[in-house]
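Summary of the model geometry
Now for the letters of each chain:
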Amino acid sequence: MVVKTPEQTSPPASVADALTAVNANIADAAAAAGRAAEDVALVAVSKTFPTDAIVPALEAGHRIFGENRVQESAEKWPALKTAYPDARLHLIGPLQTNKVAQAVALFDVIETVDRPKLARFLSREIAETGKSIDCFVQVNTGDEPQKAGISSTQVDDFVRACSEDYGLNISGLMCIPPVGDEPSLHFALLAKLAARNGLTNLSMGMSGDYETAVRFGATSVRVGTAIFGSRPPFKST
Ligand SMILES: *Cc1c(COP(=O)(O)O)cnc(C)c1O
């Protein structure tokens, strides 16, 4: 694993420069793994940042964003999506069933499908609204009790239920490795689980480990700090 020097991790001069740098790192990691850079989507995680901080990324041409809270997204994104209708928004945080209608209206991709009750509510809302939503199943690869996600031992059954029983469009798997663990073990496990279930998309890798994730097959990486700078600690989840 490459240890970064403080110079490399210091905040970039602008969001546009940061996007350029992260995209270049993704391209390098993809090339090193014999993959095409276009096969890796960069989800710019804008949680906790106000619209003023997000607009420069949109103006720089970036279009894929991630947010982890429905309420916060409802305050920020309707106006941004009006101004930039081709922006695509991913929900990357836990979703409560009482916010499913709001989430389906706001988001294009829901990365955190993690339990049957949520799958059922999503299925009903998607059917009623006719909106097309790509879903990822979130896997708790470290089996951490406090973390959301389906246990890796139950992924096969849950993916099948999501597709067959609930009719969800499951495009891939997502994970957040435990802090302090070697992330590559979790990335490799997620890749194996996806392959075994015939799923092609892997959402894995954050600011600290997205290059590793690309080497292990990530088709989307979720990067916040390396693009927008650090978040206030009290809002860090
Ligand atoms: C906040 C968050 C990220 C981005 O983390 P950074 O370390 O800031 O890049 C990625 N994925 C999820 C699920 C997050 O909540």
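To keep things clear, this report deals only with the structure shown in the data block. What you see is a predicted model, and the numbers here were worked out from it, not measured in a lab. Every chain's residues receive numbers from 1 upward, in the order its sequence appears when written. Owing to the predicted nature of the model, reporting of local features is limited to residues with pLDDT of at least 70; listing and counting of side-chain atom pairs is limited to 80 or more, with chain, interface and lining totals taken over all residues. The basis for the side-chain values is all heavy atoms of the structure; hydrogens and waters are excluded.

1. Regarding the state of the cysteines
Any cysteine sulfur atom paired with another within 2.5 Å is treated as part of a disulfide. Across all of its chains, the model carries 0 disulfides by this definition. Here Cys135 is not disulfide-linked; the sulfur of Cys162 is the nearest cysteine sulfur, at 7.6 Å. Exposure is judged per residue with a 1.4 Å probe applied to protein chains only, and the accessible area is read against the type maximum: over 50% gives exposed, under 20% gives buried, and values in between give partly exposed. What makes Cys135 buried here is its relative accessible area of 0%. Among the cysteines around Cys175, which has no disulfide bond, Cys162 carries the closest sulfur, lying 17 Å off.

2. Considerations on unusual backbone geometry
Positive phi outside glycine occurs at Thr48, with the angle close to 70°. Within the fold, Thr48 resides in the loop between β1 (41-45) and α3 (51-59). On the basis of relative accessible area, Thr48 is assigned to the buried category, the value being 15%. The backbone of Asp143 shows a phi angle near 45°, a positive value even though the residue is not glycine. Segments assigned H or I by DSSP are reported as helices when at least four residues long, segments assigned E as strands when at least two residues long, and all are numbered from the N terminus. Counting through the fold element by element, Asp143 comes out in the loop between β5 (134-140) and β6 (150-151). Since its relative accessible area comes to 47%, Asp143 is described here as partly exposed.

3. Thoughts on the packing of aromatic side chains
In this scheme Phe, Tyr and Trp rings, the latter by its six-membered ring, pair at centre separations within 6.5 Å, and the angle between planes marks the pair as stacked below 30 degrees, edge-to-face above 60, and tilted otherwise. Tallying each qualifying case throughout the model produces 2 aromatic pairs. Across the ring face of Phe121, the terminal group of Arg124 is positioned such that the distance to the ring centre comes to 4.9 Å. When the NZ atom of lysine or the CZ atom of arginine is within 6 Å of a ring's centre and also within 35 degrees of its normal, the charge is said to sit over that ring.

4. A look at the packing of α3 against helix α4 (residues 70-83)
For the pair α3 and α4, interaxial distance at closest approach is 11 Å and the crossing angle is 35°. In the packing of α3 onto α4, the handedness of the crossing is right-handed. Contacts between α3 and α4 pair Thr51, Ile54, Val55 and Leu58 from the former with Lys76, Trp77 and Leu80 from the latter. Under the grouping applied here, Gly and all other residues not named as nonpolar or charged are polar, the nonpolar ones being Ala, Val, Leu, Ile, Met, Phe, Trp, Tyr, Cys and Pro and the charged ones Asp, Glu, Lys and Arg. Across the contact of α3 with α4, the residue classes tally to 5 nonpolar, 1 polar and 1 charged. In this description, a line fitted to the C-alpha atoms serves as the axis of each element, helices being fitted only across the stretch in contact, and the angle between N-to-C directions of two axes falls anywhere from 0 to 180 degrees. Should the near helix be turned anticlockwise from the far one by less than a right angle, the crossing is left-handed, and should it be turned clockwise, the crossing is right-handed. Only heavy atoms enter the contact rule, under which two residues are in contact if any of them lie within 4.5 Å.

5. Examining the site of the ligand
Within the structure, the ligand sits among Val45, Lys47, Ile92, Met174, Ile176, Met206, Ser207, Arg222, Val223, Gly224, Thr225 and Arg231. Polar contacts, as counted here, are pairs of nitrogen or oxygen atoms within 3.5 Å of one another; within protein the pair requires one atom able to donate a hydrogen and one able to accept it, and residues that are adjacent in sequence qualify only if both atoms are side-chain atoms. Contact distances for the ligand include 2.7 Å between an oxygen atom and a side-chain N or O atom of Lys47. Arg222 has a polar side-chain atom sitting 2.8 Å from a nitrogen atom of the ligand. Residue burial considers only the protein chains on display, and all accessible areas are found by Shrake-Rupley using a 1.4 Å probe. Starting from 390 Å² of accessible surface for the ligand in isolation, the protein chains cover 89%. In the shell around the ligand, the residues fall into 6 nonpolar, 3 polar and 3 charged. For each residue, the test is whether any non-hydrogen atom lies within 4 Å of the molecule or strand; if one does, the residue is near.

6. A short note on the pattern of salt bridges
Each reported salt bridge corresponds to a side-chain nitrogen of Lys or Arg within 4 Å of a carboxyl oxygen of Asp or Glu. In the structure shown here, the tally under the stated rule is 9 salt bridges. One salt bridge in this structure joins Asp86 and Arg63, with 2.9 Å as the shortest N-O distance. Highlighted residues: Asp86 in the loop between α4 and β3 (88-91) and Arg63 in the loop between α3 and β2 (64-67), separated in sequence by 23 residues. The shortest N-O distance in the salt bridge between Asp157 and Arg160 comes to 3.4 Å. Placement of both Asp157 and Arg160 in helix α7 (residues 155-165) is noted, with a separation of 3 residues, approximately one turn of the helix.

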